[in-house]
Amino acid sequence: MENSLLGKIVDTRKISLINICLFILIGLLLCFGQILRISLFQQLINIYAHEFLMILLITFNWKKSLKIIFHQYSLITLGFILASFIVNLDSFTTKENIFATLYTLRLIIWFIWIWLSSRLFKSFTASQKQTIKYFGLVFALSILTSSILQYFFYPTLVNFSSFGWDPHTGRIFGVMFDTGAMATVLILISIFIYQLKNISLIWLISLITIIATFSRSSYITLVIVLISIKNIRKNIIFQLLFALIFVIFVFTSFQKNDVAKNIFRTFSIISRIDDQKESLMLIKKNWLTGVGIGRIRYVRSLGVSEKTNIFDEYAHHLNAFASSWLTVWTWLGTIAMVWVGYLILIIYQKSNNIQKLTLLSVFIMSIFDNILFQSLVFGVMGCFFIIESD
């Protein structure tokens, strides 16, 4: 009897150790960003190294994963996804439906991973949790350091424009190769560092890196996050110092007459407004069940062709709109969108103060850009959200 009990304890420890190693490895791979991306079918399918480990973690804990899949919230959500897919099945080719199915499975894997990891983290001992937080801090500082080095020693993405990346210059785009996504990650890092260190030099440096992305949506998000922190509202010295640093950055960008750094630039705003108008038009046509996940590029192809006479089937940005929430609405329809809002509200209410800041920052950034459904951002958000739960 004692030997059997001892065997179970040893097995439990082995399982915990494997789960911890997988979780840490996922965090490590996220630090490499776009470098570890594998693109297939001319970027119609993009797979990241950390996603393989997500699948491995889910498979290793398959019993717990099945419980998550058959949870009532999961079944209702899957019902909405399936309905939007079946209703529009005949409107798309076999190839288009296959790509949509693969994209849908990918998103399902992400959400199972974050739900499963949250449950696993709660089962770890205090020392195990502390170890994971330590690695989380190391990974956060490595991303922060690489972003600063990129700003000074590799300030332009012009050489990568032939691979479909915007030619950002003089801005922090880091391992994400995108200023909006990088700004979101840096905001999440600043929240995590604040939880551990409160107001510190490292935390202040993380805020400066956010400013150096010159992402206006991140400025809005950062101000709301800072206002939400009670200690910041009372710290007049910090407020003045941060305002001074912000003004210096903005003034310097004006002096260099750099349009990309001009916070009053309008070309990107006009582009996003047009994009959002198109999404609302598609929502109006498919308001009940949506068009289905992963099908936006095929639905909007006719409209793009009519405007420009050119439709690039492989243009990655056409798979979503310049807002994650408009993208979800277009995917699943109005009723499902209400359900998604209900789920977000439940998660927010059950979260602690730091987790709420994490959710709030991603929520706001996702209003202005398709941030939530970028694999790297979702992975970083998931990791921080999980380890902030304790």
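Refer to the structure presented above.
First, a word on scope: everything that follows refers to the structure included in this document. (Residues numbered from 1 in each chain as written. Predicted model: local features only at pLDDT ≥ 70, side-chain atom pairs only at ≥ 80, totals over all residues. Heavy atoms only, no water.)

**So, the overall build of the protein**
Along the protein, the regular secondary structure elements total 18 helices and 2 strands. Looking at the 390 residues of the protein, the share that counts as buried comes to 48%. Taking the contacts inside the protein whose residues are at least 6 apart along the sequence as the reference set, 72% of them involve residues at least 24 apart. As displayed, the protein offers around 19,800 Å² of accessible surface, 69% of which is attributable to carbon and sulfur atoms. (Helix = DSSP H or I, 4+ residues; strand = E, 2+ residues; numbered from the N terminus. Buried < 20%, exposed > 50% of the residue type's maximum accessible area, 1.4 Å probe, protein only. Contact = heavy atoms within 4.5 Å. Areas by Shrake-Rupley, 256 points an atom, 1.4 Å probe, with all protein chains shown as cover.)

**Considerations on the state of the cysteines**
According to the stated counting rule, one finds 0 disulfides in the structure shown. Free cysteine: cysteine 31, not disulfide-bonded; nearest cysteine sulfur from cysteine 383 at 9.1 Å. (Disulfide = S-S within 2.5 Å.)

**A look at empty space enclosed by the protein**
If a probe the size of a water molecule is rolled over the atoms, the empty space left behind becomes visible. All chains considered together, the criterion is met by 3 cavities of 30 Å³ or more. Its boundaries defined by the atoms lining it, the largest cavity holds a volume of some 190 Å³. Lining the largest cavity are 17 residues, and of these Gly27, Gly136, Phe139, Cys383 and Phe384 lie nearest its centre. The dominant element in the lining of the largest cavity, judged by the number of residues it contributes, is helix H6 (residues 126-153), at 6 residues. A breakdown of the residues in the lining of the largest cavity according to their chemical character gives 15 nonpolar, 2 polar and no charged. By volume, the second largest cavity amounts to about 50 Å³. Around the second largest cavity sit Ser190, Ile191, Tyr194, Trp203, Leu207, Leu222, Val225, Leu226, Ile229 and Leu357, which together line it. Among the elements of the structure, helix H7 (179-197), helix H8 (201-211) and helix H9 (216-228) are those that each provide at least two residues to the lining of the second largest cavity. Here the residues of the lining of the second largest cavity sort into 9 nonpolar, 1 polar and no charged. (1 Å grid on protein atoms, 1.4 Å probe; cavity = no way out; pocket = protein on both sides within 12 Å on 5 of 7 lines; lining within 4 Å. Points joined across faces, edges and corners; volume = space filled by probe spheres on them. Nonpolar A, V, L, I, M, F, W, Y, C, P; charged D, E, K, R; others polar.)

**Remarks on the pattern of salt bridges**
On inspection of all chains with the given rule, the structure shows 2 salt bridges. A salt bridge links arginine 106 to glutamate 51; its shortest N-O distance comes to 2.8 Å. On the criterion of sequence distance, the pair formed by arginine 106 in helix H5 (residues 94-123) and glutamate 51 in helix H2 (residues 49-60) is long-range, its members being 55 residues apart. Neither arginine 106 nor glutamate 51 differs from the other in exposure class; each is buried. Of the charged contacts, one joins arginine 272 and aspartate 369 as a salt bridge, the two residues approaching to 3.7 Å between their closest N and O atoms. With arginine 272 in helix H12 (residues 267-285) and aspartate 369 in the loop between helix H17 (353-368) and helix H18 (375-387), this pair connects stretches of sequence that are 97 residues apart. Its relative accessible area of 18% is what places aspartate 369 among the buried residues. (Salt bridge = Lys/Arg side-chain N within 4 Å of Asp/Glu carboxyl O.)

**Description of the environment of tryptophan 331**
Mapped onto the elements, tryptophan 331 comes out in helix H15 (residues 324-332). For tryptophan 331, a relative accessible area of 2% puts it in the buried group. It is 8.4 Å that separates the C-alpha atoms of tryptophan 331 and isoleucine 81, two residues lying 250 residues apart in sequence. Once residues within four sequence positions are removed from consideration, tryptophan 331 is found in contact with Ser84, Tyr103, Leu107, Thr289, Gly290, Val291, Gly292, Ile293, Gly294, Ile296, Asn319 and Phe373.

**Quick word on the layout of surface pockets**
Counted as a void, the second largest pocket has a volume near 1,500 Å³. Where the lining of the second largest pocket is concerned, the elements lending two or more residues are helix H3 (62-69), helix H4 (72-87), H5, H15, helix H16 (334-350), H17 and H18. Per-element tally for the lining of the second largest pocket: the top contributor is H5, with 10 residues. Considered class by class, the residues forming the lining of the second largest pocket number 32 nonpolar, 8 polar and 3 charged.

**Let's talk about the packing of aromatic side chains**
Any aromatic ring pair is given by two values, namely how distant the centres are and how the planes are angled relative to each other. Tallied over the entire structure, the rule returns 19 aromatic pairs. Between tyrosine 151 and phenylalanine 152, the aromatic rings sit 5.2 Å apart at their centres with planes inclined by 85°, giving edge-to-face as the arrangement. What makes phenylalanine 152 exposed here is its relative accessible area of 58%. Linked through ring pairs, Tyr154, Phe160, Trp165 and Phe177 together constitute an aromatic cluster. (Phe/Tyr/Trp six-rings, centres within 6.5 Å; stacked < 30°, edge-to-face > 60°.)

**Quick look at the pairing of strand S1 (residues 37-40)**
Note: S1 against strand S2 (residues 45-48), 4 bridges, orientation antiparallel. If you follow serine 39 over to S2, its bridge partner there is asparagine 46. Taking the residues between adjacent antiparallel strands as the criterion, S1 and S2 are bridged by 4 residues, where phenylalanine 41 takes a positive phi near 50°. (Pairing = 2+ DSSP bridges.)

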